[in-house]
Amino acid sequence: MALGSVSRPNKRGSTSLHNRLKPGDWMFNVLTGAAGLLVLLVIVGLFYELADEAWPSIKANGPSFLWSTDWNPSASVFGVGAFIIGTMITSLFALVFATIIAVLVALFLVEIAPSYVARPVSYLVELLAAIPSVVYGLWGIFVMGVFIRDHLGPTIVTYFGWLPFVNGTPLITGLFSACIILTIMILPTVMAVSRDVIAAVPRSQREGVLALGATRWEMIRMTVLPYARSGILGASILGLARAVGETLAVTLVIGNSVKIPENIFSPAYTMASVIANQMTISGNAYSTL
């Protein structure tokens, strides 16, 4: 029987379907459709505004500004190639490592840890999301950066220095520091969503696989992870959105160099950090805070 229909017997005794107008259903359809359309209009408006404001630069520099590394705002030369590369490296590094760590932590909290351990650990991990970006940045300079320069960086160079992109001199500020900071910053978001998705897997599926003789790891691999795959992907996208747009913490630790990084320890720039540092409006806004 179709939704919104009512069954009534006709004169011959058979049953027929008659549609009945339900104002509540109609209003719900209209509101949800309008909300979805509004989101699409906002996205289209953002792209239009960006293209419209950037059109003089695009017209003057041509499509090559996407891969050019020449950056001279006073001469109206805007090559963003180095910034795009810096953004891609930091964001993808943070996305991969934060997702792996977050999923492992979520599996531990849901599948292995007892409740008196899982609950406080969940609160502690989620508490990382409440720390301001400037605190992360200052911690990255005075604590993490010093540790990378004196201990972690030399160890990485010793064991992995044969790789071209790893062979370099560890510094307090640089690309590697920005990658670590972003990994820590997006970890709570990915972990919280992944934990909720994994906890939503029906208990009957777990018990059914275990009853057939599967080990705990086999149960997780065959039942939990396939069921939660789409939710974990969504959590990763949320983390990536913050990694791409993070500004202040990255600006403090990435080194701010307008060139393509030669190795993982080199100073670099991201799109967000160059906007914060070099754009007049954003610079005035920061100076007034």
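The structure contained in this document is the topic of the report that follows.

Conventions used here
- Residues numbered from 1 in each chain as written.
- Predicted model: local features only at pLDDT ≥ 70, side-chain atom pairs only at ≥ 80, totals over all residues.
- Heavy atoms only, no water.
- Helix = DSSP H or I, 4+ residues; strand = E, 2+ residues; numbered from the N terminus.
- Buried < 20%, exposed > 50% of the residue type's maximum accessible area, 1.4 Å probe, protein only.
- Areas by Shrake-Rupley, 256 points an atom, 1.4 Å probe, with all protein chains shown as cover.
- Core = buried A, V, L, I, M, F, W, Y, C linked by side-chain atoms within 4.5 Å.
- Contact = heavy atoms within 4.5 Å.
- Phe/Tyr/Trp six-rings, centres within 6.5 Å; stacked < 30°, edge-to-face > 60°.
- Axes fitted to C-alpha atoms, helices over the stretch in contact; angles between N-to-C directions.
- Parallel < 35°, antiparallel > 145°, perpendicular 65-115°, else oblique.
- Left-handed = near helix turned anticlockwise from the far one by under 90°.
- Nonpolar A, V, L, I, M, F, W, Y, C, P; charged D, E, K, R; others polar.

Turning to the overall build of the chain, a few remarks are in order. A tally of helices and strands in the chain yields 10 helices and 4 strands. Element order for the chain, N to C, with α for helix and β for strand: β-β-α-β-β-α-α-α-α-α-α-α-α-α. Looking at the 289 residues of the chain, the share that counts as buried comes to 34%. Total accessible area on the chain is roughly 17,400 Å²; 69% of this is exposed by carbon and sulfur atoms.

Time to look at unusual backbone geometry. The general pattern is negative phi for most residues beyond glycine and trans for most peptide bonds. A positive phi angle, close to 55°, is found at Asn 256, a residue other than glycine. Relative to the assigned elements, Asn 256 resides in the loop between helix H8 (248-253) and helix H9 (271-278). A relative accessible area of 27% means that Asn 256 is categorised as partly exposed.

One finds Phe 176, Ile 181, Ile 254 and Phe 265 to be the most contacted residues of the largest nonpolar core, which totals 22 residues. Of all the secondary-structure elements, those providing two or more residues to this core are helix H2 (81-112), helix H4 (133-160), helix H5 (175-199) and H8. The dominant element in this core, judged by the number of residues it contributes, is H5, at 7 residues. For Phe 176, the residues in contact, after removing those within four places along its chain, are Phe 93, Ile 148, Leu 152, Ile 156, Ile 264 and Phe 265.

Here we come to the side chain of Ser 236. You can see Ser 236 is positioned in helix H7 (residues 216-245). With sequence-adjacent residues up to four places away left out, Ser 236 is seen in contact with Leu 95 and Thr 99.

This paragraph deals with the packing of aromatic side chains. One pass over the structure, following the stated rule, counts 6 aromatic pairs. Consider the rings of Trp 71 and Phe 83, whose centres lie 4.9 Å apart with planes at 80°: the pair is edge-to-face. One end of the pair, Trp 71, is in strand S3 (residues 71-72); the other, Phe 83, is in helix H2, with 12 residues separating them in the sequence. Summarising the burial analysis for this pair, Trp 71 and Phe 83 share the class buried. A connected cluster of aromatic rings, assembled from ring pairs, spans Trp 71, Phe 78, Phe 83 and Tyr 269.

This brings us to the packing of H2 against H5. For the pair H2 and H5, the least separation of the axes is 6 Å and the interaxial angle reads 40°. In this view, H2 runs oblique relative to H5, as classed from their interaxial angle. Here H2 runs over H5; the crossing is right-handed. Classifying every residue of the contact of H2 with H5 by side-chain character gives 26 nonpolar, 5 polar and 2 charged.

Tracing the chain through its elements places Asn 167 in the loop between H4 and H5. Residue class for Asn 167 comes out partly exposed when judged on its relative accessible area of 48%. In this structure, the C-alpha to C-alpha distance between Asn 167 and Val 157, residues 10 residues apart in sequence, is 6.0 Å. Setting aside residues up to four positions removed in sequence, Asn 167 forms contacts with Val 157, Gly 161 and Asn 263.

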